[in-house]
Amino acid sequence: MPRPAKQSPVRKAVFPVGGLGTRFLPATKALPKEMLPVVDKPLIQYAVEEARAAGVEEFIFVTGRGKSAIEDHFDHSWELQESLTARGKQAELAEIQSWLPAPGQVAYTRQQEPLGLGHAVWCARHLVGDEPFAVLLADDLVLSETPCLAQMAKVYGRVGGNLVAVMDVPREQTGRYGILDVVQDDGRLAEAKGLVEKPRPEKAPSTLSIIGRYILRPEVFAELDRREKGAGGEVQLTDAMARTIGRIPFHGLRFEGRRFDCGSKAGFLEANIAFALDRPDLGAEMSEILGRYKDALEKA
Ligand code: UTP
């Protein structure tokens, strides 16, 4: 398969945030799931910061009904800025301004109906154009020394094609993920000859599962154009990626770090504990607090 010697850098990232977040009702009735905070930062901000750390310069949000809090979060807040200035809270002021994208770096498009992740990504096709792009699902949070997308961007520079972050899961969980049909695996990087979305454990070709980080070639849009429904009656990104295999190399990278499924309640709660323990300003206090639950844990 042809592999260009040097890959163009990944300058654009798509953040699909059009989902309904039904697993978090009632919290997500009026609040977008992606605005739920882990410690003190919304999930979507972690994703945007991760993209920026990987060299991304353009941030494309695919939003939906009830998601305007995300647009507000990445905009100036004049009243708050004036109040902080008046109260001499310079550190807080600098903090809320430090991660704001520059004018023109953010674009929003709307997925009118939540027809699936593949459909959400397809909605960004004109904003992405004809270049490689990243997709980050904010509800997958990775705690790592080198941010997950930066690890991928480095490997992408070498292998090109479509590249996803993967992890091994227990076989009974394959029905929750897109699964790789592996042709070659060096323990870190696996090459796939096929993909299956949410297979039953006995039908899964492996236990190597895709998590919410992708670097994709624009050819994926042509496959998404078909808008064919797959597992769960949704337009699946996995199906579109699978159809490019044979023309475009497809790899899964076992990233370094711990991934939390913040789309589930238990995963979200665990992320809050892990990120709090990891914070220099909170770790010791959190560890002391958790110690108070030792007896309850032993009884559970
Ligand atoms: P999920 O499968 O977690 O769906 O989407 P959801 O609707 O957000 O949550 P639940 O299952 O009802 O609780 C994974 C990611 O894909 C986005 C979501 O916003 C989330 O980031 N997504 C999903 C879309 O943008 N559009 C869709 O049509 C579906």
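Right above here is the structure, for reference.
As the structure is a prediction and not an experimental result, all values here were calculated from the model.

A short note on the site of the ligand
Surveying the vicinity of the ligand reveals 17 residues, the closest of which are Gly18, Thr22, Lys33, Gln111 and Gly116. Contact between the ligand and Leu20: an oxygen atom at 2.8 Å from a main-chain N or O atom of the residue. Here Gln111 contributes a side-chain N or O atom positioned 2.8 Å from a nitrogen atom of the ligand. Across the complex, the protein chains shield 83% of the 560 Å² of accessible surface that the ligand would expose by itself. Grouping the amino acids of the shell around the ligand by side-chain chemistry returns seven nonpolar, six polar and four charged.

Describing the side chain of Glu131
With respect to the element layout, Glu131 can be found in the loop between α6 (125–128) and β6 (133–136). The class of Glu131 is buried, set by a relative accessible area of 16%. A polar contact of 2.9 Å, which involves the side chain of Glu131, links it to the side chain of Arg11. Leave out the neighbours within four places in its chain, and Glu131 touches Arg11, Lys12, Leu216 and Pro218.

Remarks on the pairing of strand β11 (residues 208–216)
Within β11, nine of the nine residues are buried, leaving the element largely enclosed by the surrounding structure. Relative to β11, β6 runs antiparallel, the two sharing four bridges. Bridged to Val135 within β11 is Tyr214.

Examining the packing of helix α3 (residues 78–86) against helix α4 (residues 90–98)
Packed helices, taken two at a time, are described by the angle their axes make and the gap between the axes. Contact geometry of α3 with α4 gives a least axis separation of 8 Å together with a crossing angle of 155°. As summarised for this structure, α3 and α4 are arranged roughly antiparallel, according to the angle between their axes. Pair α3 / α4 crosses with left-handed handedness. Of α4, the residues touching α3 (which contributes Leu80, Gln81, Leu84 and Thr85) are Gln90, Glu92, Leu93, Ile96 and Gln97. For the contact of α3 with α4, the per-class residue count stands at four nonpolar, four polar and one charged.

Here we look at the pattern of salt bridges
Applying the stated criterion to the full structure yields 24 salt bridges. Note that Glu228 is salt-bridged to Arg226, the shortest N-O span being 3.4 Å. With a relative accessible area of 42%, Glu228 lands in the partly exposed category. One connected set of salt bridges, linked through shared partners, spans Arg11, Lys12, Glu57, Glu58 and Glu131.

Observations regarding the environment of Glu145
Within the secondary structure, Glu145 is located in the loop between β7 (140–143) and α7 (148–159). Owing to a relative accessible area of 83%, Glu145 belongs among the exposed residues under this scheme. Taking the C-alpha atoms as reference points, Glu145 and Glu256, separated by 111 residues in sequence, lie 8.0 Å from one another.

Things to note about the packing of aromatic side chains
Counted under the stated rule, the structure contains nine aromatic pairs. Ring geometry for Tyr46 against Phe275: centres 5.3 Å apart, planes inclined by 75°, an arrangement best described as edge-to-face. With a gap of 229 residues between them, Tyr46 in helix α1 (residues 43–53) and Phe275 in helix α10 (residues 265–278) connect regions that are remote in the sequence. Classification of Tyr46 by relative accessible area gives buried; the value is 13%. Sitting over the face of the ring of Tyr46, Lys41 holds its NZ or CZ atom 4.7 Å from the ring centroid. The ring of Trp122 has Arg125 sitting right over it, with the charged end atom 3.7 Å from the ring centre.

Brief notes about the pairing of β7
Side chains Asp140 and Val142 project from β7 onto one buried face, and the interleaved Leu141 and Leu143 project onto a second face that is buried too. Direction of pairing for β7 relative to strand β13 (residues 258–261): antiparallel, over a ladder of four bridges. Across the sheet, residue Asp140 finds its bridge partner in β13, namely Asp261.

Comments concerning the nonpolar core
Soluble globular proteins tend to bury their nonpolar side chains together. Core analysis: the biggest nonpolar cluster contains 53 residues, and Phe15, Val38, Ile44 and Leu149 have the highest contact counts within it. Setting aside chain neighbours within four positions, we find Phe15 in contact with Ile44, Ala47, Val48, Ala51, Phe59, Ile60, Phe61, Val62 and Leu136. Among the nonpolar cores identified, the runner-up in size contains 31 residues, and Ala124, Phe133, Ile210 and Val235 belong to it.

Quick notes on the rules
- Residues numbered from 1 in each chain as written.
- Predicted model: local features only at pLDDT ≥ 70, side-chain atom pairs only at ≥ 80, totals over all residues.
- Heavy atoms only, no water.
- Near = heavy atom within 4 Å.
- Polar contact = N/O pair within 3.5 Å; in protein donor to acceptor, adjacent residues only side chain to side chain.
- Areas by Shrake-Rupley, 256 points an atom, 1.4 Å probe, with all protein chains shown as cover.
- Nonpolar A, V, L, I, M, F, W, Y, C, P; charged D, E, K, R; others polar.
- Helix = DSSP H or I, 4+ residues; strand = E, 2+ residues; numbered from the N terminus.
- Buried < 20%, exposed > 50% of the residue type's maximum accessible area, 1.4 Å probe, protein only.
- Contact = heavy atoms within 4.5 Å.
- Pairing = 2+ DSSP bridges.
- Axes fitted to C-alpha atoms, helices over the stretch in contact; angles between N-to-C directions.
- Parallel < 35°, antiparallel > 145°, perpendicular 65-115°, else oblique.
- Left-handed = near helix turned anticlockwise from the far one by under 90°.
- Salt bridge = Lys/Arg side-chain N within 4 Å of Asp/Glu carboxyl O.
- Phe/Tyr/Trp six-rings, centres within 6.5 Å; stacked < 30°, edge-to-face > 60°.
- Lys NZ or Arg CZ within 6 Å of the ring centre and 35° of its normal.
- Core = buried A, V, L, I, M, F, W, Y, C linked by side-chain atoms within 4.5 Å.

These figures come from the coordinates and say nothing about function on their own.
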